[in-house]
Amino acid sequence: MAVPMRRRRAEEDVGREIAELAALADGSLPPDSRGSVEARVAGSGELTALLAEQERAVSLTRNAAATVAAPAALRERVEAKRVRTTAPRRRLVLVGALATAAVAAVIGFSVLGTGTTSQRFTAALGPTALEPGAGGRATLTKTSSGWRITLDATGLPRLDGGRFYEAWLRNRAGVLVPVGTFNEGRKVTLWAGVSPQDFPTFSVTRERADGDQRSSGEKVLVGAVDTTKSG
């Protein structure tokens, strides 16, 4: 009977230690116990590694919830599950599991709840008399920061020495909005603060660093954004 008793006590000690590590990681360990637990961790490489793993999991959970404005009810459910976990062995595992669940839930909310990441349009860009061999395609994707534009163009010689290309969006009244500059047309990322649904014409011009912020009018690419298809 002595062997099973010793085994049971050893298991209880391990369970208690695991629970204390989890509580230390999430800040719920009582102050009067913190000093002794931290001393044991400092003297054990295994405990140090376990504590670091739990701290990363807790940090991931909290940062994910803070990054996206998830519904308050969702954050309360995640926190309640974390606090209610009482089984010593399960608590260490559940911290990591809740971190994964929180990230998945927050990402799901940001994609499905806002409805902004699925809106995407394209524009086929044709040449002009200035660059008859040029061509390209632009993809405009709505994000929380604005419209991210990826441009891939061919037939445009590299411009340097104070010369560059500038991309524009234009509305039906002829108002131009600059969306970025570049030197070569391969895999360019641009940003727009206006919607292509309101500014549906995309163009690229040749420019010089001459202090004049207006378009030079030297168009090398132009095309209409297809706002009838999204996704």
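Up top is the structure.
Residues numbered from 1 in each chain as written. Predicted model: local features only at pLDDT ≥ 70, side-chain atom pairs only at ≥ 80, totals over all residues. Heavy atoms only, no water.

Counted according to the given criterion, the structure contains eight salt bridges. One salt bridge in this structure joins D152 and R186, with 3.9 Å as the shortest N-O distance. A residue pair is termed long-range when its members are at least 10 positions apart, and D152 in strand β3 (residues 146–154) and R186 in the loop between β5 (176–182) and β6 (188–192) qualify at 34 residues. Of the residues examined, R186 reaches a relative accessible area of 55% and is grouped as exposed. (Salt bridge = Lys/Arg side-chain N within 4 Å of Asp/Glu carboxyl O. Helix = DSSP H or I, 4+ residues; strand = E, 2+ residues; numbered from the N terminus. Buried < 20%, exposed > 50% of the residue type's maximum accessible area, 1.4 Å probe, protein only.)

This part is about the pairing of strand β8 (residues 219–226). Pairing analysis gives four bridges linking strand β1 (residues 120–127) to β8, with the strands arranged antiparallel. Bridging from a neighbouring strand, T122 pairs with D226 of β8. (Pairing = 2+ DSSP bridges.)

Our focus in this paragraph is the nonpolar core. Ranked by size, the top nonpolar core spans 28 residues in total, and within it L151, L190, F202 and V204 carry the most contacts. Of all elements in the fold, only β1, β2 (135–143), β3, β4 (163–170), β5, β6, β7 (201–208) and β8 reach the threshold of two or more residues within this core. For this core, the element with the most residues is β3, which contributes four residues. Counting residues in each nonpolar core, the second largest holds ten residues, with L24, A25, L29 and V41 among its members. (Core = buried A, V, L, I, M, F, W, Y, C linked by side-chain atoms within 4.5 Å.)

The full count for this structure, using the stated rule, is two aromatic pairs. Centre to centre, the rings of F121 and W147 are 5.7 Å apart; their planes meet at 20 degrees, and the pair counts as stacked. Of this pair, F121 sits in strand β1 while W147 is found in strand β3, placing the two residues 26 residues apart along the sequence. Each member of the pair, F121 together with W147, is buried. (Phe/Tyr/Trp six-rings, centres within 6.5 Å; stacked < 30°, edge-to-face > 60°.)

Turning to unusual backbone geometry, a few remarks are in order. For K187, which is not a glycine, the phi torsion comes out positive at approximately 50 degrees. Along the chain, the position of K187 falls in the loop between β5 and β6.

So, about the sheet that holds β8. Within the open sheet, the eight strands sit side by side as β5-β4-β7-β8-β1-β2-β3-β6. Their pairing is antiparallel. Each having just a single partner strand, β5 and β6 make up the two edges of the open sheet. Each adjacent strand pair in this sheet contributes to an overall mean axis angle of 25 degrees, direction not counted. In the sheet, β4 pairs with β7 via eight bridges, with the strands oriented antiparallel. Looking across to β7, one finds that E166 is bridged to T205. (Axes fitted to C-alpha atoms, helices over the stretch in contact; angles between N-to-C directions.)

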